[in-house]
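# Observations on the model geometry
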There are 2 protein chains.
Amino acid sequence: MPSNSSPEPGFARHAFVLPRAPDGGDAVYLAGNSLGAQPRAARDAVLAAVDEQWARVGVAGWEDSGWWATPQRLGDRVGALVGAAPGQTVVGDSTSVQLFGALIAAARLRPGRSVLLSDAGHFPTDRYLATSVARLTGLTLVTASPDAMAPDADTAVVAVPAVDFRTGERWDLAAIVDRAHAAGAVVVADLSHAVGVLPVDLDGLGVDLAVGCTYKYLNGGPGAPAFAYVAARHHDVLDPPLTGWTGHAEPFAMTEAWTPAPGVGRLRVGTPPMLSMLALDGALSVFDGSDSPALPGVHAASLALGDAFLEALPAGVDVVTPREHGRRGGHVAVRVPDAEGRCAALARRGVVVDARPPDLLRFGFAAPYVTLDDARVAARELAALL
Amino acid sequence: MPSNSSPEPGFARHAFVLPRAPDGGDAVYLAGNSLGAQPRAARDAVLAAVDEQWARVGVAGWEDSGWWATPQRLGDRVGALVGAAPGQTVVGDSTSVQLFGALIAAARLRPGRSVLLSDAGHFPTDRYLATSVARLTGLTLVTASPDAMAPDADTAVVAVPAVDFRTGERWDLAAIVDRAHAAGAVVVADLSHAVGVLPVDLDGLGVDLAVGCTYKYLNGGPGAPAFAYVAARHHDVLDPPLTGWTGHAEPFAMTEAWTPAPGVGRLRVGTPPMLSMLALDGALSVFDGSDSPALPGVHAASLALGDAFLEALPAGVDVVTPREHGRRGGHVAVRVPDAEGRCAALARRGVVVDARPPDLLRFGFAAPYVTLDDARVAARELAALL
């Protein structure tokens, strides 16, 4: 069981391999909000999957190596990190694909309503897919800032992120869910920039559906498969559009019609990319190993990193992320001219961050492997460039 | 360049690690129509991706390790194996997801028409997704055997496999395409049981869209991402439903609206599972390495394996696969009572095949690693069980 003590930032650094800086040493790696560093356990899991499972067990691995059960087994592991009781979360496909399926399934929970209400500043794939889903379902897409959303009796679905991908602002999911439910709408939350860096209580908040990314703070590896959550109260009626064979109640019966698997299993689509799935399987031990801190502690350590960074910044730097702990996700964004050029210059100095158009630099504070020194070095190097 | 000489069956066995038999030796592995054996080059590619790319390069790997370009780079490599000139094929997502997107995009190419005509015996995921697509688009789903399809002026889309997943029968794609085009319909072909075991000439046949699986005869590993093909003549107007951010013309501009990437790039959806993608990258060297035989030779070797198996079977075994070379895919299916039990019994004897309900055993003849001896041993062990 994860421990409740509050860990030091960098508490699991020994469990990671960090990207190299130009001088050959470890980089100050603050891009974990984009691609997490590599947990050694992820490498071990991939190697076992390749050498002990695929190579030696072959196709029997679907049963004998547990591959078939992996989407739900991993789903429960990820679910435990976002407040989901077992049986409500599945891992597989990309966040975009999961989101597409979740939005249509959500719309079908409210057949008489006409509006899909989505965050105006949502991550691009969320906006693009909301547009496509509105077209396919006949809904009207309306956008607003999450804190200004006013769902009403026409609102079928409210689609919001937990944390803004640009500014790092953490939205008040509890208030958003309450307003949506008061209007009779269902909530689809995108947890991509929240999972693994701050506690989320999906069951407690009453979120209806959620999706999220596992290659950021969960360190699952490049393009690691996403997760999808559906609250148990919707399982009996959930009607997803991506009716792939692995979501069938009896996939190997190969019957004429698609009969959904009980529960969240119906969100499985095609055959999942097992090597990428099992990298994530290894990576999750950072968060649910016997000596792993619980998410509130990880969150406190991430906030401490952000504070150290903010304190070390010279006055006058334009920080767009709220300073209040309750309104901050895992990254801090600053507005600078020529963000792309600054990003490249920092990389040459061994500080890895990312740039988002038009003018933002994002500093990701993944507490398992980022230290207070890293945060201060990043602030100092940024200051030197400005 | 691949060679045009006709190779011996098992011509690349040295390049594979074969699953273990119960006695500790190599199995007679005839399940390559379900999950291909592991090419040593696939292991090498995964290890490089883990140790040299993700671990050391980190998020910069999207550019510096070529990850971003991988879906189209692999697409062109797979495309070359199915008669697709470069720029028409992309790799990523599962076959089910690719098929869903392809069917809707195909339907949108024929907006005035009302029928989606699909193989009555299509692989389950193809049937289930056709049902979902018909519901979302308002089309009427009509099913028929591929050789009995009669598309007419109402037919928007004709969806067929190249090879029947149960019987191993190879359909006459040329005739199907001609009939569909004569009626003004577009063809979506599923090449899952064809790619890597027989030559397909997508460009030459005039197929409109195609999808296929890379973990069968292409040996990409468990759940390796699928591919999708769209003929260049449709690129300007192709209107796919899965409008993920990586299919945007300028994904990092993060603009308000989705502007499709030029060409087949618009079929990219979310972030692809890179470790699984790069396993496939390694695996493809079996087919496009400097000393790899061309597909007609691979096909001839696979047919020779099937012939050796059929000749060694005792009279009276109920073979459901056509014996004519022109009507056979890569596997041979026999009807037996208690197929599941027979499948397990063969596995205990070191012969790995698979069973499909209600009563079929499938023997897959992947010529790169299956030898004539393997085919004869399988027939002898099957005979001993009957």
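Taking an unreviewed UniProt entry as the reference, chain A is identified by name as Kynureninase belonging to Actinomycetospora chibensis. Turning to chain A, the UniProt record has this under Cofactor (unreviewed entry): "pyridoxal 5'-phosphate".

Note: interface size is frequently given as the accessible area lost on complex formation between the parts. Contacts between the two partners involve 77 residues from chain A, matched on the other side by 77 residues from chain B. On the chain A side of the contact with chain B, Trp-54, Tyr-128 and Met-254 of chain A bury the most area, a combined 13% of that side's loss. Our count for the contact surface shared by chain A and chain B stands at six salt bridges. The tally of links from chain A across to chain B stands at 29 residue pairs in polar contact (both at pLDDT 80 or more). Elements with a minimum of two residues in the side of chain A that touches chain B: strand S3 (38-39), helix H1 (40-57), helix H4 (95-108), helix H5 (124-137) and helix H8 (274-283) of chain A. Residues of the side of chain A that touches chain B, tallied by class, amount to 46 nonpolar, 19 polar and 12 charged.

Another aspect to go through is the sheet that holds strand S15 (residues 360-364) of chain B. All names here are of chain B. With antiparallel pairing, the four strands of this open sheet are ordered in space as S11-S12-S15-S14. Two strands close off the open sheet at either side, each with one partner strand: strand S11 (318-319) and strand S14 (354-356). When S14 meets S15, the two strands line up antiparallel, connected through three bridges. Following the sheet pairing, Asp-354 is matched in S15 by Arg-362. Its contacts with the sheet place helix H11 (residues 339-348) against S14 and S15, and it is angled at close to 40° to S15.

All names here are of chain A. With 18 residues, helix H10 (residues 295-312) extends 26 Å from end C-alpha to end C-alpha; this agrees with the ideal 26 Å at 1.5 Å per step. Taken as a whole, H10 has its buried residues at Leu-295, Gly-297, Val-298, His-299, Ala-301, Ser-302, Leu-303, Leu-305, Gly-306, Ala-308, Phe-309 and Leu-310. Against the buried residues of H10 lie helix H9 (285-288), strand S11 (318-319), strand S12 (331-335), strand S15 (360-364) and helix H12 (372-385).

So, about the pairing of strand S5 (residues 115-119) of chain A. Residues and elements named next belong to chain A. In terms of residue burial, S5 counts as a mostly covered element, since five of its five residues are buried. What joins S5 to strand S6 (residues 140-144) is H5, and the crossover it makes is right-handed. Looking at chain direction, S5 and strand S7 (residues 155-161) are connected through four bridges and run parallel. Counted as the bridge partner of Leu-117 is Val-158 from S7.

Moving on: the environment of Ala-41 of chain B. All names here are of chain B. Examined against the element boundaries, Ala-41 turns out to sit in helix H1 (residues 40-57). Residue classification places Ala-41 among the partly exposed residues on the basis of a relative accessible area of 26%. Put simply, Ala-41 and Ala-257 are 216 residues apart on the chain and 41 Å apart in space, counted from C-alpha to C-alpha. The residues contacting Ala-41, other than those within four sequence positions of it, are Gly-282 and Ser-285.

Expressed as a screw operation, the relation of chain A to chain B combines 0.0 Å of axial shift with a rotation of 180°, fitting to an RMSD of 0.0 Å. Given the turn and translation reported, the copies of this chain are related as if by a two-fold rotation axis. For chain A, the residue whose C-alpha comes nearest the rotation axis is Ser-276 of chain A, separated from it by 2.8 Å. Both copies present the same face, since 100% of the interface residues in chain A are matched by interface residues at the equivalent positions in chain B.

Quick look at the side chain of His-234 of chain B now. With respect to the helices and strands, His-234 of chain B occurs in the loop between strand S10 (227-230) and helix H8 (274-283). If we ignore the near neighbours within four places in the chain, the residues touching His-234 of chain B are Leu-109 and Asp-208 of chain B.

Helix length check: H5 of chain A (14 residues) gives 20 Å between terminal C-alpha atoms against 20 Å at 1.5 Å per residue, within 8%. By the criterion of burial, H5 of chain A is predominantly enclosed, with 11 of the 14 residues buried. Buried within H5 of chain A we find Pro-124, Thr-125, Asp-126, Arg-127, Tyr-128, Leu-129, Ala-130, Ser-132, Val-133, Ala-134 and Leu-136 of chain A. Packing partners of the buried residues in H5 of chain A comprise H4, S5, S6 and strand S8 (186-190) of chain A together with helix H4 (95-108) and helix H5 (124-137) of chain B. Phi for Gly-138 of chain A, located one or two positions after H5 of chain A, is positive at around 85°.

With that settled, the discussion passes to the nonpolar core. Core analysis: the largest hydrophobic core is formed by 216 residues, its most contacted members being Phe-309, Leu-361 and Phe-363 of chain A together with Phe-309, Leu-361 and Phe-363 of chain B. If sequence neighbours within four positions are ignored, Phe-309 of chain A has contacts with Val-332, Val-334, Phe-363, Phe-365, Ala-375, Ala-378, Ala-379 and Leu-382 of chain A. Among the nonpolar cores identified, the runner-up in size contains 62 residues, and Ala-156, Ala-228 and Leu-267 of chain A together with Leu-109 of chain B belong to it.

Calculation criteria
- Residues numbered from 1 in each chain as written.
- Chains lettered and ligands numbered in written order.
- Predicted model: local features only at pLDDT ≥ 70, side-chain atom pairs only at ≥ 80, totals over all residues.
- Heavy atoms only, no water.
- UniProt positions renumbered as here; feature names shortened; annotations may be inferred.
- Contact = heavy atoms within 4.5 Å.
- Buried area = accessible area lost by both parts, 1.4 Å probe.
- Salt bridge = Lys/Arg side-chain N within 4 Å of Asp/Glu carboxyl O.
- Polar contact = N/O pair within 3.5 Å; in protein donor to acceptor, adjacent residues only side chain to side chain.
- Helix = DSSP H or I, 4+ residues; strand = E, 2+ residues; numbered from the N terminus.
- Nonpolar A, V, L, I, M, F, W, Y, C, P; charged D, E, K, R; others polar.
- Pairing = 2+ DSSP bridges.
- Axes fitted to C-alpha atoms, helices over the stretch in contact; angles between N-to-C directions.
- Expected span 1.5 Å × (residues − 1).
- Buried < 20%, exposed > 50% of the residue type's maximum accessible area, 1.4 Å probe, protein only.
- Right-handed = clockwise from strand over helix to strand, strands pointing away.
- Least-squares fit on C-alpha atoms with pLDDT ≥ 70 in both.
- Core = buried A, V, L, I, M, F, W, Y, C linked by side-chain atoms within 4.5 Å.

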